[in-house]
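# Chains, contacts and geometry: an overview
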Amino acid sequence: LNRVASELENFFTNSFFINDHFLNVNYRIKSPDSLKEKILRHNLYLIYDSPQDLIDNLSDLIGFRIECRFMMDEKKIYNDIIKLFNIKENDGYYSNPLNSSIMLNLEENQPQIQKNGFEIYKIDGKYDKNGVTVNFELQIKFMGNVFWGDIDHRVLYKNFNYMLTEDFFRDIMSSIKDNLGMIDRQLMLVYNHLNS
């Protein structure tokens, strides 16, 4: 998994570093505790016949995040991905001419709506080389969304059952998200002013 993740990180970095709207690529490999929690939370042990079957069908064992400066840059990065991954494969997946072992599912609508009601660019990916197939998830996030994701994950996601019944918490989180959008617009004004 580490070798595959490193190869994918290099591919995405090398493919997009020339673009001004691209900042960097981060990844994480799901820890044993996180994997256990997901298996229990979604009753995956009842769905799959074997541990290998479960791993083969897990979409986010490796999670990648392409980071960009501003909210509007998320769409630019997504469009860059569409241009690069232009070779149609099976089941909605597309490969690219630079590394045919990396495929992305580009037939799902983007951005997607999360359980919390907010939008996210989230693309299922597959790495398939020399008999090794690994699923991964690719997200595109601007700086404000990276911060928002950390807040959402640590406050709402980890306490999801409790928070679902609490409109107050959802309203506060929505207000924080709106404020991050305002900060994004202000930072973009500063950035554009400095560039000019």
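Residues numbered from 1 in each chain as written. Predicted model: local features only at pLDDT ≥ 70, side-chain atom pairs only at ≥ 80, totals over all residues. Heavy atoms only, no water.

## Digging into the overall build of the protein chain
The number of helices and strands found in the protein chain is eight helices and eight strands. Expected size for 196 residues packed as a compact globule is a radius of gyration near 16 Å; at 18 Å, the protein chain falls within 12% of this value. Projected onto its principal axes, the C-alpha coordinates of the protein chain cover approximately 50 × 45 × 25 Å. Counting every position in the protein chain, which comprises 196 residues, the buried fraction comes to 40%. For the protein chain, the proportion of contacts with a sequence separation of at least 24, taken over those separated by at least 6, is 58%. Here the protein chain has roughly 11700 Å² of accessible surface; of this, 52% comes from carbon and sulfur atoms. Computed over 22 positive and 28 negative side-chain charges, the separation of the two mean positions in the protein chain equals 2 Å. (Helix = DSSP H or I, 4+ residues; strand = E, 2+ residues; numbered from the N terminus. Rg over C-alpha atoms; globule rule 2.2 N^0.38 Å. Buried < 20%, exposed > 50% of the residue type's maximum accessible area, 1.4 Å probe, protein only. Contact = heavy atoms within 4.5 Å. Areas by Shrake-Rupley, 256 points an atom, 1.4 Å probe, with all protein chains shown as cover. Lys, Arg positive; Asp, Glu negative; His and termini not counted. Charge placed at Lys NZ, Arg CZ, Asp CG, Glu CD.)

## Regarding the packing of aromatic side chains
Working definition: an aromatic ring pair is given by the centre-to-centre distance plus the angle between the planes. Tallied over the entire structure, the rule returns eleven aromatic pairs. An angle of 75° between the planes, with centres 5.2 Å apart, marks the rings of Phe11 and Phe12 as edge-to-face. Residue Phe11 is classed as buried on the basis of its relative accessible area, which comes to 8%. Geometrically, the ring pair formed by Phe12 and Phe16 is stacked, given 6.5 Å between the ring centres and 10° between the ring planes. (Phe/Tyr/Trp six-rings, centres within 6.5 Å; stacked < 30°, edge-to-face > 60°.)

## Some points on the pattern of salt bridges
The tally for this structure, following the rule as stated, stands at ten salt bridges. A salt bridge links Glu7 to Arg3, with the nearest nitrogen and oxygen atoms 4.0 Å apart. You can see Glu7 and its partner Arg3 sitting in helix H1 (residues 2–16), four residues apart, about one turn around the helix. With relative accessibility at 52%, the residue Arg3 sits in the exposed group. One salt bridge connects Arg65 with Glu67, and the closest N-O pair in it is separated by 2.8 Å. (Salt bridge = Lys/Arg side-chain N within 4 Å of Asp/Glu carboxyl O.)

## Side note on the packing of H1 against helix H5 (residues 71–84)
As a packed pair, H1 and H5 sit with axes 11 Å apart at the nearest point and diverge in direction by 105°. By the angle class used here, H1 and H5 are roughly perpendicular. In this structure, H1 uses Phe11, Ser15 and Phe16 to contact H5, whose residues at the interface are Asp80, Ile81 and Leu84. Looking at the contact of H1 with H5, its residues break down into four nonpolar, one polar and one charged. (Axes fitted to C-alpha atoms, helices over the stretch in contact; angles between N-to-C directions. Parallel < 35°, antiparallel > 145°, perpendicular 65-115°, else oblique. Nonpolar A, V, L, I, M, F, W, Y, C, P; charged D, E, K, R; others polar.)

## Observations concerning the side chain of Ser95
Take Ser95: it is sitting in strand S4 (residues 93–95). At 2.6 Å, the side chain of Ser95 and the side chain of Glu89 are in polar contact. Sequence-distant contacts of Ser95, defined by excluding residues within four places in its chain, comprise Leu84, Phe85, Asn86, Ile87, Glu89, Ser100, Ile102 and Met103. (Polar contact = N/O pair within 3.5 Å; in protein donor to acceptor, adjacent residues only side chain to side chain.)

## What to know about the side chain of Gln110
Within the secondary structure, Gln110 is located in the loop between strand S5 (102–105) and strand S6 (112–113). Polar side-chain contacts of Gln110 include one of 2.7 Å to the backbone oxygen of Lys122. Aside from chain neighbours lying at most four places away, what touches Gln110 is Tyr78, Ile120, Tyr121, Lys122 and Ile123.

## With respect to the environment of Glu9
Relative to the assigned elements, Glu9 resides in helix H1. According to the relative accessible area criterion, Glu9 is partly exposed, its value standing at 24%. Separated by 53 residues in sequence, Glu9 and Ile62 have C-alpha atoms that sit 11 Å apart. If near-sequence neighbours (up to four positions away) are discounted, Glu9 is found in contact with Val25, Tyr27 and Phe64.

## Topic: the pairing of S5
In S5, alternate side chains face the same way, and those of Ile102 and Leu104 on one face and Met103 and Asn105 on the other are all buried. Alignment of S4 against S5, held across two bridges, turns out to be antiparallel. Each bridged residue has a counterpart across the sheet, and for Tyr93 the counterpart in S5 is Asn105. The antiparallel hairpin formed by S4 and S5 contains six residues in its connecting segment. Of the pairings in the sheet, the one linking S5 to strand S7 (residues 119–129) comprises three bridges and is antiparallel in character. The residue of S7 that forms the bridge with Ile102 is Tyr127. (Pairing = 2+ DSSP bridges.)

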